[in-house]
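A look at the structure
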Amino acid sequence: MIRLEKVDKTYRTRRGDLVHAVADITLDVRENEFVTLVGPSGCGKSTLLKLVAGLVPASQGTIRVRDEVVRGPFPDVGFLFQHPVLLPWRTVFDNVMFSIEMLGLESRSYRARARELLSLTGLAGFDTKYPRELSGGMQQRVAICRALIHDPGLLLMDEPFGALDAMTREEMSLELLRIWEDRRKTIFFVTHSIPEAILLADRVVVMTPRPGRIARVLEIDLPRPRSVELEFDERFKAYSHAIRSDIFAPRTDREYATLA
């Protein structure tokens, strides 16, 4: 579904400084796979998602989605941000339909699907409410519906639950797993939370400090469907320890050059 080959990204700040965000990223993401991306702040996780979405160009290397080279934004993708970014003057239903309007699609063909998604995410009966009348978790569910409404094959999620309290974050993680098991999209998910990365993923991609390189791609061999109780499993703890070691262990420049 996604193929990154020797991808580099360097950008210039407003002050004119050059920042090397990610370096020599080579990675494949399989169709219908749930891959999480974890690493320290500033390591280029969000940049990598924007590169895959075609929102910013790579400085070097090639990015392909479904064997097509990514040269700019494309329709077969849903993007979720840390904040739901709902339009406050539009109802829940109209916020979900906003993507259809932006894509220039026939809205009548998607109204039934919008109601189906609202029901799937526990928002049936809230379609006429406004964002200010919803909790943070409910607003993020609306954003998930909006990302899914045009039935994209790929979901790119940039720390979508980071602004939520711990309990709501767990609830939303399990909700996302339930939706993914029902709909089977390809999901590329950025998070700062190591437990969240393990709980959700088929594979966890661990990144080094900037410039972000891949330190390890870890296969998560835990049964599905999953629950938060898995955090007490010894295998879960072993995965967590391995990821923490990769992120926080000091490395020399030579060691970075031989990673991945």
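Residues numbered from 1 in each chain as written. Predicted model: local features only at pLDDT ≥ 70, side-chain atom pairs only at ≥ 80, totals over all residues. Heavy atoms only, no water.

Digging into the packing of helix α4 (residues 136–148) against helix α5 (residues 166–183)
α5 packs onto α4 with a crossing angle of 25 degrees between their chain directions and a minimal axis gap of 10 Å. As summarised for this structure, α4 and α5 are arranged roughly parallel, according to the angle between their axes. The hand of the α4/α5 crossing is right-handed. In this structure, α4 uses Gly137, Gln140, Arg141, Ile144 and Leu148 to contact α5, whose residues at the interface are Thr168, Glu171, Met172, Glu175 and Ile179. Taken together, the residues that form the contact of α4 with α5 break down as 4 nonpolar, 3 polar and 3 charged. (Axes fitted to C-alpha atoms, helices over the stretch in contact; angles between N-to-C directions. Helix = DSSP H or I, 4+ residues; strand = E, 2+ residues; numbered from the N terminus. Parallel < 35°, antiparallel > 145°, perpendicular 65-115°, else oblique. Left-handed = near helix turned anticlockwise from the far one by under 90°. Contact = heavy atoms within 4.5 Å. Nonpolar A, V, L, I, M, F, W, Y, C, P; charged D, E, K, R; others polar.)

Concerning the nonpolar core
Inside soluble globular proteins, nonpolar side chains tend to come together where they are buried. One finds Phe34, Val38, Ile187, Phe189, Ile198, Val204 and Ile243 to be the most contacted residues of the largest nonpolar core, which totals 52 residues. Beyond its immediate stretch of four places on either side in the chain, Ile198 contacts Val204, Ile220, Leu222, Arg226, Phe236, Tyr239, Ser240 and Ile243. Counting residues in each nonpolar core, the second largest holds 29 residues, with Val22, Phe79, Phe188 and Ile214 among its members. (Core = buried A, V, L, I, M, F, W, Y, C linked by side-chain atoms within 4.5 Å. Buried < 20%, exposed > 50% of the residue type's maximum accessible area, 1.4 Å probe, protein only.)

So, the sheet that holds strand β5 (residues 68–69)
The strand order across the open sheet formed by 4 strands is β2-β1-β4-β5, and the pairing between neighbours is antiparallel. Looking along the sheet, the strands with just one partner apiece sit at the ends: β2 (18–29) and β5. Sheet strands in contact with helix α1 (residues 45–53) are β1 (2–12), β2 and β4 (60–65), and its direction is about 115 degrees off that of β1. (Pairing = 2+ DSSP bridges.)

What to know about the pairing of strand β8 (residues 186–191)
A large share of β8 lies buried, amounting to 6 of its 6 residues. The side-chain alternation of β8 yields two buried faces, one formed by Thr186, Phe188 and Val190 and the other by Ile187, Phe189 and Thr191. The sheet contact formed by strand β3 (residues 34–38) and β8 spans 5 bridges and is parallel. Pairing of Thr36 across the sheet is with Phe189, part of β8. Bridge analysis of strand β7 (residues 154–158) against β8 gives 5 bridges, and the strand direction is parallel. From the neighbouring strand, Leu154 faces β8, where its bridge partner is Thr186. For the crossover that starts at β7, traverses α5 and ends in the parallel β8, the hand is right-handed. (Right-handed = clockwise from strand over helix to strand, strands pointing away.)

Focus on the environment of Leu176
Summarising the element assignment, Leu176 is placed in helix α5. In the structure, Leu176 is positioned 57 residues away from Asp233 in sequence and 21 Å away in space, judged by C-alpha atoms. Excluding anything up to four places from it in sequence, Leu176 contacts Phe34, Met157, Phe161, Ile187 and Phe189.

Looking at unusual backbone geometry
Residue Pro211 is reached from Arg210 by a cis peptide bond, and omega for that bond is 0 degrees. With respect to the helices and strands, the residue Pro211 is situated in the loop between β9 (203–207) and β10 (214–219). Of note, the bond from Arg224 into Pro225 is cis; its omega dihedral lies within 30 degrees of zero at 0 degrees. With respect to the element layout, Pro225 can be found in the loop between β10 and α7 (234–248). For Asp24, which is not a glycine, the phi torsion comes out positive at approximately 50 degrees.

Some words on the packing of aromatic side chains
Counted by the stated rule, this structure contains 4 aromatic pairs. Ring geometry for Phe34 and Trp180: centres 5.6 Å apart, planes at 75 degrees, overall edge-to-face. Note that Phe34 is positioned in strand β3 and Trp180 in helix α5, a separation of 146 residues in sequence. Ring geometry for Phe161 against Phe189: centres 6.0 Å apart, planes inclined by 55 degrees, an arrangement best described as tilted. Of this pair, Phe161 sits in the loop between β7 and α5 while Phe189 sits in strand β8, placing them 28 residues apart in sequence. One aromatic cluster is present, formed by Phe34, Phe161, Trp180 and Phe189 through successive ring pairs. (Phe/Tyr/Trp six-rings, centres within 6.5 Å; stacked < 30°, edge-to-face > 60°.)

Quick look at the side chain of Thr47
Within the element layout of this structure, Thr47 appears in helix α1. Under the relative-accessibility criterion, Thr47 is labelled buried at 19%. Dropping the residues within four chain positions of it, Thr47 is found in contact with Lys9, Ala21 and Val56.

Honestly, it's all geometry; don't read function into it.
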